[in-house]
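Close look at the chain arrangement
Each chain, written out:
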Amino acid sequence: MSQYTSHPQPNSYAPEASSGMAVTSLVLGIASLVLCPLTSLPGLILGIISVSRAGETPPRASGKGMAIAGIVTSVLGLLSTLLIIPILIGILLPALSKAQESAQRIQSSSQVRMMVQGIVSNSASNNGQFPQTADDWQQNLINANLASPAIFISPYSDGLGDDYFFVPGGRDDFDATRVVVYEDPALNPSGTIIGFADAHVEFVDQTTAMQMLSNLTLPDGSRYAPHETDPSATAP
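Quick summary incoming for the structure in this document. (Residues numbered from 1 in each chain as written. Predicted model: local features only at pLDDT ≥ 70, side-chain atom pairs only at ≥ 80, totals over all residues. Heavy atoms only, no water.)

Scanning the model with the defined rule gives three aromatic pairs in all. When the ring of phenylalanine 165 is compared with that of tyrosine 182, the centres are 5.5 Å apart and the planes differ by 40 degrees; the resulting orientation is tilted. Residue phenylalanine 165 is found in strand β1 (residues 164–166), and its partner tyrosine 182 is found in strand β2 (residues 179–183); the two are separated by 17 residues along the sequence. Summarising the burial analysis for this pair, phenylalanine 165 and tyrosine 182 share the class buried. Members of the aromatic cluster, connected to one another through ring pairs, are Trp137, Phe152 and Phe166. (Phe/Tyr/Trp six-rings, centres within 6.5 Å; stacked < 30°, edge-to-face > 60°. Helix = DSSP H or I, 4+ residues; strand = E, 2+ residues; numbered from the N terminus. Buried < 20%, exposed > 50% of the residue type's maximum accessible area, 1.4 Å probe, protein only.)

With that out of the way, let us pick up a nonpolar patch on the surface. Judged by side-chain polarity, Ile30, Leu33, Val34, Ile68, Val72, Val75, Leu76, Leu79 and Leu82 come together as a nonpolar surface patch covering roughly 780 Å² of accessible area. Of the residues forming the nonpolar patch, the biggest block, six residues, is contributed by helix α4 (residues 64–123). For leucine 76, the position within the fold is in helix α4. Overall, the relative accessible area of 42% leaves leucine 76 in the partly exposed class. (Patch = residues over 30% accessible without salt bridge, like charges linked within 9 Å, V, L, I, M, F, W, Y side chains within 5 Å. Areas by Shrake-Rupley, 256 points an atom, 1.4 Å probe, with all protein chains shown as cover. Salt bridge = Lys/Arg side-chain N within 4 Å of Asp/Glu carboxyl O.)

Right, let's get into the sheet that holds β2. Strand order in this open sheet of four strands is β1-β2-β3-β4, and the pairing throughout is antiparallel. At either end of the open sheet lies a strand with only one pairing partner, and these are β1 and β4 (201–205). Direction aside, neighbouring strands of the sheet carry axes that sit 25 degrees apart on average. Sheet topology note: the strand β3 (residues 191–196)/β4 ladder contains five bridges and is antiparallel. (Pairing = 2+ DSSP bridges. Axes fitted to C-alpha atoms, helices over the stretch in contact; angles between N-to-C directions.)

Without other data, these values stay purely geometric and don't point to any function.
Rendered as C-alpha cells:
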C-alpha cells in the first residue's frame, strides 16, 4: 500500500488586523471630510500603518487599497481643516470685537446713568441746584453714598486718568437736552456716552458728540471743555 504523506493545508485567510485598520482609516478619512475634521489625523496614522503592513498579508486580506484611500481622504480632511480655521477666525474675530464693544457701551451707559441719578438725588439737599463747580464732584457722590469709586472708571480705560466729566451748573429741571455727565471722547473713537439732566443716557457718534461738547459752558458763561488736551480750552 502506498503511503501518503499528509501536508498541512494552507490556512484560509480571514481579514487581518491590517485590513481592519484600513477600513477604519477609510471611515475616519471620510468622516473628516463630512462630519468632523478631528478624525483626519487618526485616519492618516491608521492608513500609514495599514499600508506598511500590507506586504505581510495576502493581497486580498491586506486592504491596501482602502488604506491608501483612507490616507488620501484623511490628508484632504487635514487640508480642509487648515483652510477652514483661518476663515473661521476671520469671521469670529469681528463678531467677538463687536460683542465686546457692545458690552463696554452698555456698561459705560449704566455707569453714566448712575452718576446722573446720584447728582439729581444729591441736588434735593441743595434746593434742586446742581453743584456749581466740578471740584471733587466724584468724591462728593462717594461721600454721600450715591456712587462707588468703580463707576468712575470707564470700561474703555486703563483707569489712570479722568474718564468722565461733570458739567457744573443748572438744576434738576429734567432738561433732556442739557449735558450733565459725559465720557471722555478720547476713550472711544466711534462715539461718546452722554448723560442728560432728565437722567437719560445716549451713545452719540463722535462727530455729533464733539459738536455738542464744544458748546458747553459754565454758570458764568465761559466755555467748558475739560476733555480737550489744550489747557487754554479748559475753564479753570
